[in-house]
Amino acid sequence: MTVNLEVAEGVGILRLDRPPMNALDVATQDRLKELAEEATRREDVRAVVIYGGERVFAAGADIKEMQAMDHTAMVLRARALQDSFTAVARIPKPVVAAITGYALGGGCELALCADYRIAADNAKLGQPEILLGLIPGAGGTQRLPRLVGPSKAKDLIFTGRQVKADEALAIGLVDRVVPAAEVYEQAHAWAARLAQGPAIALRAAKEAVDTGLETDIDTGLAVERNWFAGLFATEDRERGMRSFVEEGPGKAKFL
């Protein structure tokens, strides 16, 4: 399989495995969607790490496969392409991308679907589609400007240039840069810590933030208000507040 899902102690590892560069061909896209939806459904998955291995995250689409596609074929495929990435973005649990090596084109767009991005100090990211006479087609024109702002996104999309890890950190494209040997370990630690947290509250927080970014502030506040009140019906809220009163802050256990 070109993508695998392994689960242990609440953490699901979505592992890209299509050597040598994890090119995201149609079969890989479809498998990614299938496993993202599985991670969404499974109660034993409480947080997710997206990982491409020690050498590369994902170097983009399979260009040879795309070259053989005409306009009609891509009209039929483009929605499925976007849907595969959207399935990752909509996993209602904390998701971290562990970025090693190249994250280009579709690889960068996949990283954008995560909630948090930890990159190796030798990582390179970018949206080089313009160099093929194209634009990003898996969410790059939408998720990238929402993350780094329109002018920085346009610079990357218009030029197709690659950015090194330090620049990616400076513009907000990644959230942490660590030595390459530590990327997976730190991403897993981030996910493992959140896998111990209150699952419904984390889901609420993610939905409130993501929905708020896509709508006006009054609608966003309504989403927040409804989730905030609704969480008072959960066992985790009772456990968290009881622990705070009896033991002090930060000591509640939600599993």
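Okay, so let's go over this structure. (Residues numbered from 1 in each chain as written. Predicted model: local features only at pLDDT ≥ 70, side-chain atom pairs only at ≥ 80, totals over all residues. Heavy atoms only, no water.)

### Points about the environment of Ile-91
Rules: Here a helix means four or more residues in a row that DSSP labels H or I, a strand means two or more in a row labelled E, and each is numbered from the N terminus. Should any heavy atoms of two residues lie within 4.5 Å, those residues are considered in contact.
With respect to the helices and strands, the residue Ile-91 is situated in the loop between helix H3 (71-89) and strand E4 (95-99). Along the backbone, Ile-91 and Tyr-51 are 40 residues apart, and their C-alpha atoms lie at a distance of 16 Å. When residues no more than four places from it in sequence are discounted, the contact partners of Ile-91 are Leu-14, Ala-36, Ala-39, Thr-40, Val-48 and Lys-206.

### Brief notes about the side chain of Gln-127
The condition is simple: Burial classification: accessible surface area is computed with a 1.4 Å probe over protein chains only, and a residue below 20% of its type maximum counts as buried, one above 50% as exposed, and the rest as partly exposed. For the purposes of these results, a polar contact is taken to be a pair of N or O atoms within 3.5 Å, where, inside protein, one atom must be able to donate a hydrogen and its partner to accept one; residues adjacent in sequence count only when each atom of the pair is a side-chain atom.
Assignment of secondary structure puts Gln-127 in the loop between strand E7 (124-126) and helix H5 (140-148). Taking relative accessible area as the criterion, Gln-127 reaches 1% and is therefore assigned buried. In this structure the side chain of Gln-127 is engaged in a polar contact, spanning 3.4 Å, whose partner is the backbone oxygen of Gly-105. Residues contacting Gln-127, with those up to four places away along its chain left out, are Gly-105, Cys-108, Glu-109, Leu-112, Pro-136, Gly-140, Leu-144, Leu-156, Ile-157, Gly-160 and Arg-161.

### Re the packing of helix H1 (residues 26-41) against H3
Counted only if it meets this: The axes used here are C-alpha line fits, helices contributing only the stretch in contact, and every angle between their N-to-C directions lies in the interval 0 to 180 degrees. Reported orientations rely on four angle classes, namely roughly parallel under 35 degrees, roughly antiparallel over 145, roughly perpendicular from 65 to 115, and oblique for the rest. Crossing handedness is read from the near helix: turned anticlockwise from the far helix by less than a right angle, it gives a left-handed crossing, and turned clockwise, a right-handed one. Three categories are distinguished: nonpolar for Ala, Val, Leu, Ile, Met, Phe, Trp, Tyr, Cys and Pro, charged for Asp, Glu, Lys and Arg, and polar for the others, with Gly belonging to the last.
One can describe the packing of H1 onto H3 by two numbers: an axis separation of 8 Å at closest approach and a directional angle of 40 degrees. Put simply, H1 runs oblique to H3. The element H1 and its partner H3 pack so that their crossing is left-handed. In contact with Val-26, Gln-29, Asp-30, Leu-32, Lys-33, Ala-36 and Glu-37 of H1, H3 contributes Arg-77, Leu-81, Asp-83, Ser-84, Ala-87 and Val-88. Among the residues forming the contact of H1 with H3, the class breakdown is 6 nonpolar, 2 polar and 5 charged.

### Describing the packing of aromatic side chains
Stated precisely, the cut-off is as follows: Stacked, tilted and edge-to-face are the three classes assigned to paired rings of Phe, Tyr and Trp, where Trp is represented by its six-membered ring and a pair needs centres within 6.5 Å; plane angles under 30 degrees give stacked, over 60 edge-to-face, the rest tilted.
In total, this model carries 3 aromatic pairs according to the counting rule given. Plain terms: the ring middles of Tyr-51 and Tyr-184 are 4.7 Å apart, the flat faces sit at 45 degrees to each other, and that makes the pair tilted. Placement of the pair is Tyr-51 in strand E3 (residues 47-51) and Tyr-184 in helix H8 (residues 183-195), with a sequence separation of 133 residues. Relative to Trp-190, the ring of Tyr-116 lies with its centre 5.1 Å away and its plane at 5 degrees, an arrangement referred to as stacked. With a gap of 74 residues between them, Tyr-116 in strand E6 (residues 116-120) and Trp-190 in helix H8 connect regions that are remote in the sequence. Taken individually, Tyr-116 and Trp-190 each receive the classification buried, so the pair is uniform in this respect.

### Overview of the layout of surface pockets
Under the convention used in this document: Note on definitions: the grid is 1 Å and covers protein atoms alone; a cavity is a set of points where a 1.4 Å probe fits but cannot get out; a pocket is an open set with protein on both sides within 12 Å along at least five of seven lines; lining residues have an atom within 4 Å of a point. Grid points are joined across faces, edges and corners, and a volume is the space filled by probe spheres set on the points.
One number sums up the size of the largest pocket: a volume of about 1,100 Å³. What lines the largest pocket is a set of 36 residues, and nearest its centre among them are Ala-89, Cys-113, Arg-143, Asp-210 and Glu-214. Those elements giving two or more residues to the lining of the largest pocket turn out to be H3, H5, H8 and helix H9 (199-213). Of all the elements, H9 adds the most residues to the lining of the largest pocket, at 9 residues. For the lining of the largest pocket, the residue count by class is 17 nonpolar, 8 polar and 11 charged. For the second largest pocket, the calculated volume is near 500 Å³. If you go around the second largest pocket, you meet 30 residues; those closest to its centre are Ala-61, Met-66, Leu-81, Glu-129 and Gly-137. Those elements giving two or more residues to the lining of the second largest pocket turn out to be H1, helix H2 (63-67), H3 and helix H4 (106-112). Looking at the lining of the second largest pocket, the element that brings in the most residues is H3, giving 6 residues. In the lining of the second largest pocket, the residues fall into 19 nonpolar, 6 polar and 5 charged.

### Points about the sheet that holds strand E8 (residues 162-164)
Rules: A pair of strands is treated as paired once DSSP finds two or more bridges between them.
Pairing is mixed across the open sheet formed by 3 strands, whose spatial order is E5-E7-E8. Among the strands making up the open sheet, the edge pair consists of strand E5 (102-104) and E8. Strand-to-strand twist of the sheet, defined as the mean angle between neighbouring strand axes without regard to direction, takes the value 20 degrees. Here E5 pairs with E7 via 3 bridges, running parallel.

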